[in-house]
Number of protein chains: 2
Amino acid sequence: MPRAWHIHDYSGYQGLRLGEEPFEKPGAGEVRLRVEAFALNWGDMDLMKDNYSFSFPRFPARVGIEAAGIIDAIGPGVEGFSIGERVSTLPYFYDNRGASTESMVIDARYVAKAPPNLSAVECASIWMQYLTAYYPLAEVTPVGPGSHVLVTAATSTAGAASLEIGRLLGATMIGTTRFAENEEYLRSMGADHVIVTGKEDLAARIRDITGGKGVTMAFDPVGGGLIDQYAPALAKNARIYFYGTLDTVWPPLPFVDMFQKNAVFHPYSLFNYVEDPLMCERGKAFVYDMLAAGRLKPSIDRVYPMEKYIEAFDYLSQPRTAHGKVVIETGL
Amino acid sequence: MPRAWHIHDYSGYQGLRLGEEPFEKPGAGEVRLRVEAFALNWGDMDLMKDNYSFSFPRFPARVGIEAAGIIDAIGPGVEGFSIGERVSTLPYFYDNRGASTESMVIDARYVAKAPPNLSAVECASIWMQYLTAYYPLAEVTPVGPGSHVLVTAATSTAGAASLEIGRLLGATMIGTTRFAENEEYLRSMGADHVIVTGKEDLAARIRDITGGKGVTMAFDPVGGGLIDQYAPALAKNARIYFYGTLDTVWPPLPFVDMFQKNAVFHPYSLFNYVEDPLMCERGKAFVYDMLAAGRLKPSIDRVYPMEKYIEAFDYLSQPRTAHGKVVIETGL
């Protein structure tokens, strides 16, 4: 029987247990994957503590929303996929049939063909990071030449993906990190400028970089007091995409700066965009094409075997200077 | 010499002093008004305590941004206005040449012709409230039949104006107030539903009124903890226009609700829209036409004589159940 990791309550990832479950038969509109690799995300840890915008419908539950694998069964009514084909899963709403398994059934709408020349580990490291970056940067408030985009906590996988996509669209990308040693990595991902928070005056550096104009967009999973630091350097009509909850201490938003700049604060989750079929198709097409053309390249930090899922979360949860995705390889 | 009220420091409206100042000659592009009436706004009080998005360039300074009067001098290069014509001032960026005077010079771009059949007091009570409501409701995220709009602190002048404009556009308007005795007034201004905050479960009432869909827009000068109360009843893609700072205690925004709803928090000031010449013209035309047609009607609460400006602020600053504008009539 396929092995799978399950969580049994909201005690956090330390509560994960490796077990077995029978093969599931795909229903109408579904496909089954022999999972080769599945990726970790910060949101997994929040979810396992019930600190997420979604809760598990029931326990035990599998975890994770990014898997890559080979289709080994196809349910009725599915078109465009065939047995033996490598695919990966798009970020779909968490349920209790997550990716932490050797065999998973999923709605074919949330399955994408594997771009050529990518490994299974890389294929498990595409959709969460690139679609998170794609909608704000390319669709909702598109950036391009002349735009200045601030990416905070830029070494995060979504942060680095936004540097890649923003550079590709022609914007000037400004990445922040708490650690000066990350500068080279951030530049390699697409940062035109790197600011070390805590060491440098964030607003002063932004004003300097932008010739006083400020940034038109902040792509920020930190929030909290960091917004105060960059708010004086927001451009008119700037939009803050807040896509995580890294900072747990929240002073009031900097209203005076925001009133003056007509700045908008947008708590952003890609799920609201992926659920729209047309937006989903556009995001898939953009990212697939750029991966196939070699203009995007998933960055992999560490790969762990199936048995080491908890150790992988230990690594992910540390304050650290990770560069890319943490992925489980099943060996299948 | 014309009399004028001046503020000399940021000690608040109690520091206002009535004095005189010589007639000013209008410069290029400017007109001069013999002021018949000028209106009070909450923002005046915030500004006089340096708690506003703008500070005075210098002291002594006049206060106020809404005046109505008769043009008695015209500077070079002004077209479309003539001596003896009644006009009123649009909300322009506060400077130290405010409306609290018997004679004021102002950039003709921020002057609007008086709609027919309105008194001078009514003409001083148009632009702040109606333009504040106009841009969110009619331009940026237009509402219409099928829209449900939540207006908090709806007895405020901008709140009541938004009820009028929202009803005129065909939206279903929900007004909140802390005092049940305001219900009749709010219904007369355009509220289809009135919710008494503190007494009723705000989210439950909204869900009931909207058939579970929630409100697509909140027009809210309160913010703070009130957002927590209505956030569970926001519709998908809702926008919160936050245009005041009535609540001084700010818990973190309700991120889980906002992530789920893709809700956007927009600290909103009409100045950012009025400064755009095309948006300014559109706002002026809409409000003028609706006033001329009798479909909007400024609501006047109290009128004070020139000498009673401080008493008028005493009245405005009280927790109370005011219904409309507080205005100074100069007697000229």
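The shown structure was predicted, so the numbers you read here are calculated from the model rather than taken from an experiment.

Trainee: Would you mind showing me how to read the overall build of chain A here?
Mentor: Assigned secondary structure in chain A consists of 11 helices and 15 strands. Taken over the C-alpha trace, chain A has a radius of gyration of 20 Å; the compact-globule value for 332 residues is 20 Å, and the two agree within 12%. Taking all 332 residues of chain A together, 61% fall into the buried category. A total of about 12,300 Å² of accessible surface is found on chain A, and carbon and sulfur atoms cover 52% of it. Charged side chains of chain A number 30 positive and 39 negative; the gap between the two group centres comes to 2 Å.

Trainee: Please explain the interface of chain B and chain A as it appears in this structure.
Mentor: Interface extent is often summarised as the accessible area lost during association of the parts. Each partner contributes residues to the interface: chain B has 28 residues there, and chain A has 28 residues. Approximately 2,300 Å² of surface area, both sides summed, lies buried where chain B meets chain A, with 63% of it carried by carbon and sulfur atoms. Contact with chain A buries area across many residues of chain B, yet B:F255, B:F259 and B:P267 alone supply 28% of it, more than any other trio. Residue B:K236 pairs with A:E275 through a salt bridge whose shortest N-O separation is 3.1 Å. For the pair chain B and chain A, the number of links is 11 residue pairs in polar contact (both at pLDDT 80 or more). Breaking the side of chain B that touches chain A down by element, the ones donating at least two residues are β12 (234–242), α8 (255–261), β13 (264–267) and α9 (271–274) of chain B. Considering every element that reaches the side of chain B that touches chain A, the biggest residue donor is α8(B), with 5 residues.

Trainee: What's the story with the packing of aromatic side chains in this structure? I'm lost.
Mentor: The description of an aromatic ring pair rests on the distance of the ring centres and on the angle between the ring planes. Under the definition given, this model contains 42 aromatic pairs over all chains. Geometrically, the ring pair formed by A:F242 and A:F265 is stacked, given 5.5 Å between the ring centres and 25 degrees between the ring planes. In this pair, A:F242 sits in strand β12 (residues 234–242) while A:F265 sits in strand β13 (residues 264–267), placing the two residues 23 residues apart along the sequence. Across this residue pair, the class does not change: A:F242 and A:F265 are buried. A centroid spacing of 5.1 Å and a plane angle of 80 degrees characterise the contact between B:F242 and B:W250, whose relative ring orientation is edge-to-face. There is no split in this pair, since B:F242 and B:W250 are both buried. Feature note: the residues A:Y134, A:Y135, A:Y241, A:Y268, A:Y273 and A:F286 constitute an aromatic cluster, connected by ring pairs. Against the face of B:Y315 rests B:R302, its NZ or CZ located 3.9 Å from the ring centre.

Trainee: Looking at this structure, how should I read helix α11 (residues 309–317) of chain A?
Mentor: Along an α-helix, residues three or four positions apart point the same way, because every turn accommodates 3.6 residues. Listed in full, the buried residues belonging to α11(A) are A:Y309, A:I310, A:A312, A:F313, A:Y315 and A:L316. Along its buried surface, α11(A) packs onto β1 (3–6), β2 (17–20), β3 (30–39), α1 (42–48), β14 (300–305) and β15 (325–329) of chain A.

Trainee: Looking at this model, I keep getting lost on the pattern of salt bridges. Mind explaining?
Mentor: Should the charged atoms of two oppositely charged side chains come close, the side chains can pair. One pass over the full model with this rule turns up 30 salt bridges over all chains. Of the charged contacts in the structure, one is a salt bridge between B:R97 and B:E30, with a shortest N-O distance of 2.9 Å. Here the residue B:R97 occupies a position in the loop between β5 (86–89) and β6 (103–107), and B:E30 occupies one in strand β3 (residues 30–39), the gap between them amounting to 67 residues. Owing to a relative accessible area of 16%, B:E30 belongs among the buried residues under this scheme. In the salt-bridge network here, residues are joined through shared partners; they are A:R3, A:E102 and A:E307.

Trainee: Explain the packing of helix α3 (residues 127–140) of chain B against helix α10 (residues 277–292) of chain B here, please?
Mentor: Geometrically, a packed helix pair is captured by the angle between its two axes and the distance between the axes. Residue and element names in this part refer to chain B. Where α3 contacts α10, the two axes come as close as 10 Å, and the packing angle between them is 110 degrees. Judged by the angle between their axes, α3 and α10 are roughly perpendicular. As for the relative orientation of α3 and α10, their crossing is right-handed in sense. Contacts from W127, Y130, L131, Y134, Y135 and E139 in α3 reach M279, C280, R282, G283, K284, F286, V287, Y288 and L291 in α10. Here the contact of α3 with α10 is built from residues that sort into 11 nonpolar, 1 polar and 3 charged.

Trainee: Explain the relation of the copies chain B and chain A to me, please; I cannot follow it from the model alone.
Mentor: Mapping between the two chain copies consists of a rotation about an axis together with a translation along that axis. Note on the copies: chain B fits chain A at an RMSD of 0.0 Å, the axial shift is 0.0 Å, and the rotation between them is 180 degrees. The symmetry that links the two subunits is that of a two-fold axis. Of the C-alpha atoms belonging to chain B, the one lying closest to the rotation axis is found on B:F265, 2.5 Å away. The overlap is high: 100% of the interface residues of chain B also sit at the interface in chain A, so the same surface is used on both sides.

Trainee: Got a minute to help me understand the packing of α3(B) against helix α4 (residues 157–169) of chain B in this structure?
Mentor: All names here are of chain B. In contact at an axis separation of 8 Å, α3 and α4 are set at 45 degrees when each is read in the N-to-C sense. Taken together, the axes of α3 and α4 are oblique relative to one another. Note on packing geometry: the crossing formed by α3 with α4 is right-handed. Contacts between α3 and α4 involve Q129, Y130, T132, A133, Y134, L137 and A138 from the former and T157, A158, A161, S162, E164, I165, G166 and L169 from the latter. Here the residues of the contact of α3 with α4 sort into 9 nonpolar, 5 polar and 1 charged.

Trainee: Whenever I open this one, the domain arrangement of chain A confuses me. Can you help?
Mentor: Residues and elements named next belong to chain A. Each assigned domain of chain A is listed with its residue range as follows: domain 1 (3–126 + 298–329) and domain 2 (129–270). When each unit is reduced to the centre of its C-alpha atoms, the spacing between domain 1 and domain 2 is 29 Å. Taken together, the contact pairs 15 residues of domain 1 with 13 residues of domain 2. Counting each side, the surface lost to burial between domain 1 and domain 2 is near 1,100 Å², with a carbon and sulfur contribution of 56%. A per-residue breakdown of the area domain 1 buries against domain 2 is headed by I126, T321 and H323, which together make up 35% of the total. For the interface between domain 1 and domain 2, the tally reads 0 salt bridges.

About the thresholds
- Residues numbered from 1 in each chain as written.
- Chains lettered and ligands numbered in written order.
- Predicted model: local features only at pLDDT ≥ 70, side-chain atom pairs only at ≥ 80, totals over all residues.
- Heavy atoms only, no water.
- Helix = DSSP H or I, 4+ residues; strand = E, 2+ residues; numbered from the N terminus.
- Rg over C-alpha atoms; globule rule 2.2 N^0.38 Å.
- Buried < 20%, exposed > 50% of the residue type's maximum accessible area, 1.4 Å probe, protein only.
- Areas by Shrake-Rupley, 256 points an atom, 1.4 Å probe, with all protein chains shown as cover.
- Lys, Arg positive; Asp, Glu negative; His and termini not counted.
- Charge placed at Lys NZ, Arg CZ, Asp CG, Glu CD.
- Contact = heavy atoms within 4.5 Å.
- Buried area = accessible area lost by both parts, 1.4 Å probe.
- Salt bridge = Lys/Arg side-chain N within 4 Å of Asp/Glu carboxyl O.
- Polar contact = N/O pair within 3.5 Å; in protein donor to acceptor, adjacent residues only side chain to side chain.
- Phe/Tyr/Trp six-rings, centres within 6.5 Å; stacked < 30°, edge-to-face > 60°.
- Lys NZ or Arg CZ within 6 Å of the ring centre and 35° of its normal.
- Axes fitted to C-alpha atoms, helices over the stretch in contact; angles between N-to-C directions.
- Parallel < 35°, antiparallel > 145°, perpendicular 65-115°, else oblique.
- Left-handed = near helix turned anticlockwise from the far one by under 90°.
- Nonpolar A, V, L, I, M, F, W, Y, C, P; charged D, E, K, R; others polar.
- Least-squares fit on C-alpha atoms with pLDDT ≥ 70 in both.
- Domains from an automatic or database assignment.

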